[in-house]
Each structure stands twice: as C-alpha cells, then as structure tokens.
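Read off the chains here:
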Amino acid sequence: MLGKSKNQMLTQTGKGTPMGETLRRYWHPIAAADQLARDPVRPVRIMGEDLVLYRDLRGVYGLVDKHCPHRRADLSYGFVEECGLRCNYHGWQFDESGACVSQPYEDVARPGARFREKVKITAYPVEEKGGLLWAYLGPLPAPQCPDWEAFHWPNGFRQIVFSHVPCNWVQAQENSIDPVHFEWMHANWSTRLKGNLGPYAPAHLKVDFDEFEFGFVYKRVTEAQGENHPMWTIGRVCLWPNGFYLGDHFEWRVPIDDENMLSVVWAYNRVPVEQEPYVQPVIPSWDSPIKDPATGRWISSHIINQDIIAWVGQGAIADRTKEHLGASDRGISMIRKQWFDDIEAVQRGEDPKGLIREPERNQNVALPNGSLKLGKTMSLQEMKDDPLLSRSLKDFVFNYGQPPEVRQAFEEAMGLR
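Residues numbered from 1 in each chain as written. Predicted model: local features only at pLDDT ≥ 70, side-chain atom pairs only at ≥ 80, totals over all residues. Heavy atoms only, no water.

Observations regarding the packing of aromatic side chains
Phase 1 of the analysis: Counted according to the given criterion, the structure contains 20 aromatic pairs.
Phase 2 of the analysis: Ring geometry for Trp184 against Tyr200: centres 5.8 Å apart, planes inclined by 75 degrees, an arrangement best described as edge-to-face. Here Tyr200 lies in the loop between α6 (180–193) and β13 (204–212) and Trp184 lies in helix α6, a separation of 16 residues in the sequence.
Phase 3 of the analysis: Overall, the relative accessible area of 46% leaves Trp184 in the partly exposed class.
Phase 4 of the analysis: Among the aromatic residues, those joined into a cluster by ring pairs are Trp134, Phe151, Tyr245, Phe250, Trp252 and Trp266.
Phase 5 of the analysis: Looking at Lys6, its charged tip hangs above the ring of Phe340, at a distance of 4.3 Å from the centre.
Phase 6 of the analysis: Cation over ring: Arg220 sits above Phe182, and NZ or CZ is 5.1 Å from the ring centre. (Phe/Tyr/Trp six-rings, centres within 6.5 Å; stacked < 30°, edge-to-face > 60°. Helix = DSSP H or I, 4+ residues; strand = E, 2+ residues; numbered from the N terminus. Buried < 20%, exposed > 50% of the residue type's maximum accessible area, 1.4 Å probe, protein only. Lys NZ or Arg CZ within 6 Å of the ring centre and 35° of its normal.)

Here it is, written out as structure tokens:
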C-alpha cells in the first residue's frame with residue numbers, strides 16, 4: 001500500500017507536480033499521422049495542458065497552446081497555412097516554434113513597430129514515428145524520440161487504436177507488470193462470459209521480474225509453459241515510463257489529466273508469405289468504444305476492453321492506502337520505487353530512467369521479444385491452422401469496434417479477400 005501523499009505524488013501529472021515534471025522528460029504519443037492527414041487541426045489535452053496539434057501545408061507538425069495570445073480565441077478552430085496555424089478570429093499566425101509570423105492588421109497599421117516579434121505562443125516539439133505523432137513537453141534539449149525496431153518491421157499490416165479511459169494513468173500502467181491477471185481476466189473470465197463453467201486456464205506456478213535499460217520484464221511459468229518457454233526465458237516488457245510491449249503490439253497509457261488517460265495501441269500482423277513483399281501505404285487509426293450505449297456497461301468482449309474494466313473499476317484515481325499487495329505484485333512495488341527514484345533524479349537535475357540522448361543509439365532500438373511466431377514466415381493456411389494466429393485472422397482481438405474499412409484493408413493485406 002501507499003500513503004495518501006505518496007499516491008498523490010504518483011498520480012498528479014500537472015505542470016509543476018513531481019510526476020508531471022518527470023513525465024515531461026519523455027516523448028508521448030498523442031495522435032496518429034493519418035488523423036492529421038484527414039483533418040490538419042485537432043485539439044489535444046495532455047497532462048492537464050490544453051493544446052492544438054496541426055500539420056501545415058508544408059507537412060510540418062506543430063503543437064501549440066489552445067488559446068491565441070491576442071484575445072484568447074480557440075486555435076482548434078484555426079486553419080493551416082504554408083507556414084503554421086492561423087487564428088480564425090483576427091488572422092494572427094504562429095509557426096511550429098511558437099513564433100508569431102503574421103499579424104495582418106498590425107503589419108499594415110504599424111509596420112515599423114515589429115509587434116509580432118514581441119508575441120510568442122507556447123509550443124512543443126512533435127515527431128512522427130511508426131505512424132504516431134509524439135510530443136515532448138519538457139525542457140530542452142529534448143532526448144531522442146525512441147525509434148523502436150518494431151516500427152521498421154517489413155511485410156506487416158499495422159493499425160493504431162485510441163481509447164479515452166476515465167481513470168488515472170498509473171492504475172493502467174501497473175497492469176503492464178501483472179502477469180497473473182492474464183490467467184483470470186483474459187482466460188478464465190472470458191470462459192465464464194461465454195456461458196461456460198470451464199475448463200479454466202493453466203495456473204501460474206512461478207513469476208519473476210527483471211529490470212533493464214528501457215523498463216522491466218515480467219516472466220512466468222504455468223502448468224502449460226515450463227522454464228524453457230520464452231515467457232520465462234524472455235518475458236514481456238513493461239516499457240518505461242508508461243508503455244507495454246508484448247512482441248506483436250505496443251500499448252501506451254498517456255495522461256490526459258489526473259482522472260483521464262488516452263490508451264494508445266500500435267499493433268502489427270505479419271502478412272502470409274504469399275502476400276510478400278507487402279508495403280502498407282498508410283497506417284490506419286481508429287477510436288475504440290469502451291462502453292455499451294444500450295446498457296451503460298463497460299464492453300468486455302476484447303482483451304484491452306477487459307483491462308479497461310479493471311482500471312476504471314478502481315475509481316478515477318485508485319486509493320492505494322486501502323490495497324493489500326501479494327506475492328504476484330512484486331513487480332508493481334518495483335516500478336513504483338523506480339517512479340519515485342525518477343522523481344528524485346529529476347529534482348536533482350538528472351535524467352530519469354530510459355532516455356536516449358545519443359542519435360547514433362536511437363536507430364532500430366530492439367526490445368526483448370518473446371513472441372514465438374512473430375518473425376517466422378508462414379503461409380496463410382499455416383496461420384489458419386495455428387490456434388493463436390487464427391484468432392487474429394477472424395477479429396482484432398485487442399480492442400472492440402474495428403471499423404469495416406480497416407477490417408477490409410486488413411483482409412486484403414492478409415490475402416483473405
């Protein structure tokens with residue numbers, strides 16, 4: 001358990017808070033590139049800051065304060081120009097650095113005043129990687145935006161899924177270091193949801209946790225998977241500070257504010273050998289519903305939807321003064337300690353865990369990957385015959401609500417049409 005003050009320290013992410021300042025040392029995924037291709041201006045809220053993300057006519061991304069410094073108009077209703085974003089109220093225009101590059105009437109009425117040089121808007125760097133748009137809200141110089149190896153895998157269909165979840169990011173991230181919940185939430189509960197009394201999943205016999213440069217790894221032995229299985233020899237990655245990497249997909253839990261978070265999923269499916277070489281023209285993104293409008297209940301049919309039920313069930317901000325951690329929760333204690341260590345490091349003026357500063361190190365950065373079949377070339381029939389891969393051919397198993405056009409693109413890429 002944690003005391004009240006410690007819990008507040010972990011869960012508060014606003015500007016100037018200990019964890020808020022720590023998280024601002026990292027890059028966070030806030031949107032998908034295809035979203036800005038469809039609509040080049042979009043409001044964004046991250047760690048309590050209301051911002052506007054845009055893609056100007058040059059293709060340059062910017063992230064600026066939501067309110068124009070002229071008379072506080074809402075810039076999410078602005079429009080892009082060749083260079084930057086223009087306010088729809090009086091036409092003031094700002095580039096990606098926050099510089100005011102145009103003040104139409106002021107430039108005519110007082111051309112010698114150079115007034116626009118005195119006006120600047122809050123602006124943050126944006127980078128595109130893996131079809132995602134990443135923002136950095138911390139002090140400069142910024143670290144490298146991680147270039148994970150998975151972003152460069154060939155011959156795969158990728159998709160990005162967003163869910164707005166009404167709870168604090170910490171209780172979601174603690175799920176990333178919790179192996180035993182797979183047995184109960186995703187296996188046994190799914191069995192009961194289908195109306196069956198069994199059989200239940202193989203039980204966990206042993207779990208372990210290791211630390212590495214970019215986070216932590218959890219490992220497990222079950223009645224069906226021994227110590228020679230990759231889930232014990234390699235494991236799965238609790239990616240620092242707010243991610244999860246399972247070999248075939250990433251998950252990030254991005255704080256919107258202290259009581260809401262953005263769940264971001266980046267998923268990869270290797271296409272059958274018959275479809276190679278395959279080059280995906282655009283990585284599609286979509287929003288996944290989490291509540292059934294007919295019943296008002298949380299959707300429970302898909303893996304991450306089940307996780308969301310566990311997260312929101314703890315309340316908007318989990319009260320950790322009332323919890324009772326057991327042997328399976330040792331990983332949770334480890335990551336909490338690291339978060340507090342990172343807070344102290346930032347307060348001393350040092351880098352927190354897992355940053356990459358050197359550009360030469362930030363190329364195809366590999367992570368531990370225990371997925372048995374991910375890199376294996378397989379025919380479509382072999383995929384259909386595989387108990388796990390066949391599920392992914394029939395449905396997107398992680399999130400509910402995949403749009404028909406994304407499903408169609410997936411089936412075409414996999415040779416199912």
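Moving on from the coordinates now.
What to know about the packing of helix α1 (residues 4–11) against helix α9 (residues 330–347)
Phase 1 of the analysis: For the pair α1 and α9, the least separation of the axes is 11 Å and the interaxial angle reads 75 degrees. In terms of orientation, α1 and α9 fall into the roughly perpendicular class. Residue-level contacts link Lys6, Met9 and Leu10 of α1 to Arg336, Trp339, Phe340 and Ile343 of α9.
Phase 2 of the analysis: Residue composition of the contact of α1 with α9, by class: five nonpolar, no polar and two charged. (Axes fitted to C-alpha atoms, helices over the stretch in contact; angles between N-to-C directions. Parallel < 35°, antiparallel > 145°, perpendicular 65-115°, else oblique. Contact = heavy atoms within 4.5 Å. Nonpolar A, V, L, I, M, F, W, Y, C, P; charged D, E, K, R; others polar.)

What to know about the sheet that holds strand β6 (residues 85–86)
Phase 1 of the analysis: One open sheet accounts for four strands, arranged β5-β6-β7-β8; its pairing is antiparallel. On the outer flanks of this sheet lie β5 (79–80) and β8 (100–102), each paired with one strand and no other.
Phase 2 of the analysis: Note: strand β7 (residues 93–94) against β8, two bridges, orientation antiparallel. By the bridge assignment, Phe94 is partnered in β8 with Cys100. (Pairing = 2+ DSSP bridges.)

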